[in-house]
Amino acid sequence: MANQVLEGLRLGRPLVGPRQVHIDITNSCNAACVTCWDHSPLLKAPRTAEWKRKRMPWDRFLLLLEQLDSLGSVREVVLSGMGEPLTHPDVYRMIAAIKERGWGLMIITNLLAADIEALAMSGVDQLLVGVQGVSPDSYAAFHPGWNEVHFFKLCAHLRRLQRTKIRVRHVQVIDRNTAPEVVEMVSFAQSFGADRLNYKLASLAEGTEATALTEAQRSWLLEAGLPEAAAQAKHRKVKTNLPLFEQQLRSGGRSTAPIAEIGCAMGYVYTRITVEEEVLYCCNTKVKVGSLLESPLPELWWGPRWQSLRDHLASGRYFAGCDQCGKLEQNVKWHKRLQDSHV
């Protein structure tokens, strides 16, 4: 199937359906991370209470799974949300329904809302855990309203997951609160048996810029912090994405992704479905393809609107927000595969 994806990228039109489908099941969140575009207390225009209460109903979720089945291409489902997916009352039924179809399942979570025993026994393949700080002080600074009790609950949940087969990847969003701990994040990941440690430069807008790295922090990270973190990762045998994170840091300004250098493959391998059942081209909520309330997903995937967006990006005309690409790592991977296939 990967070869069909590559051939589609060369032709400029997909030959198969999406491999990965990202489903947002709730807008509700138990956290208020300072960098969040939806729940940060720093936002100039906060989301409404009505928006935050929205969640995908169980019957609509099952109908979506039937549409994914019909595509015949899906390898993995990502459960997430504009909020915290583990707050959804049907989340463990949703997990079971996905695993019954034999698909891989990844959940993006802060882990605090988990019924940890149910999660440990659920059959989830991978968890992307937003850690955001490795000390009570930095954790509380990144998560206003939380304190050391929440931090140690996270640690207890991570310790429980060590006794399962679930691959747990730590995600560390780096802003001015978490930047001083980039080296310590390696030993923290090792102590909890993380499958990998992913650093991500905070993508900031609409008021969250107040938590951006200082220039002194950026300089320290590039000159001392990242080299030491890399040395620690090598010593402790912790897998990281440090080269990619360094590339993000060197992009400068608000940019976190050199998208023009690598291109975008998301229209050939990925889509995201919101709680409102809007179909997104990628994880950028501004780039919309259509709505499942109007057309089924297969019809949209092979339809003219999706293709026009593929053509738009292929011509080098990127959208607002592409320079802060949330799928940077996947795009780098497909860019390299495409280059290697020409050798």
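Further up the page is the structure itself.
Residues numbered from 1 in each chain as written. Predicted model: local features only at pLDDT ≥ 70, side-chain atom pairs only at ≥ 80, totals over all residues. Heavy atoms only, no water.

1. Let's talk about the overall build of the protein
Then, in step 1: Check the secondary structure of the protein and you find 15 helices and nine strands.
Then, in step 2: By the compact-globule yardstick of 20 Å for 343 residues, the protein fits well, its C-alpha radius of gyration being 20 Å.
Then, in step 3: Along the first, second and third principal axes, the C-alpha set of the protein runs to 50 × 45 × 40 Å.
Then, in step 4: Within the protein, contacts between residues at least 6 apart in sequence are counted, and of these 72% link residues at least 24 apart.
Then, in step 5: For the protein, the exposed surface amounts to about 15,100 Å²; the carbon and sulfur share of it is 52%.
Then, in step 6: Here the protein carries 41 positive and 36 negative side-chain charges, and the mean point of each set is 4 Å from the other. (Helix = DSSP H or I, 4+ residues; strand = E, 2+ residues; numbered from the N terminus. Rg over C-alpha atoms; globule rule 2.2 N^0.38 Å. Contact = heavy atoms within 4.5 Å. Areas by Shrake-Rupley, 256 points an atom, 1.4 Å probe, with all protein chains shown as cover. Lys, Arg positive; Asp, Glu negative; His and termini not counted. Charge placed at Lys NZ, Arg CZ, Asp CG, Glu CD.)

2. Notes on helix 1 (residues 2-11)
Then, in step 1: All buried positions along helix 1 are accounted for by Val-5, Leu-6, Gly-8 and Leu-9. When helix 1 is viewed along its axis, its buried side chains cluster within an angular range of 160° and face the same direction.
Then, in step 2: Just beyond helix 1, the residue with positive phi is Gly-12, at close to 90°. (Buried < 20%, exposed > 50% of the residue type's maximum accessible area, 1.4 Å probe, protein only. Arc of directions from axis to C-beta.)

3. Some words on the side chain of Gln-126
Then, in step 1: Residue placement: Gln-126 occurs in strand 4 (residues 126-130).
Then, in step 2: Not counting residues within four places of it along the chain, the set of residues in contact with Gln-126 comprises Leu-105, Met-106, Ile-107, Ile-166, Arg-167, Arg-169 and Asp-195.

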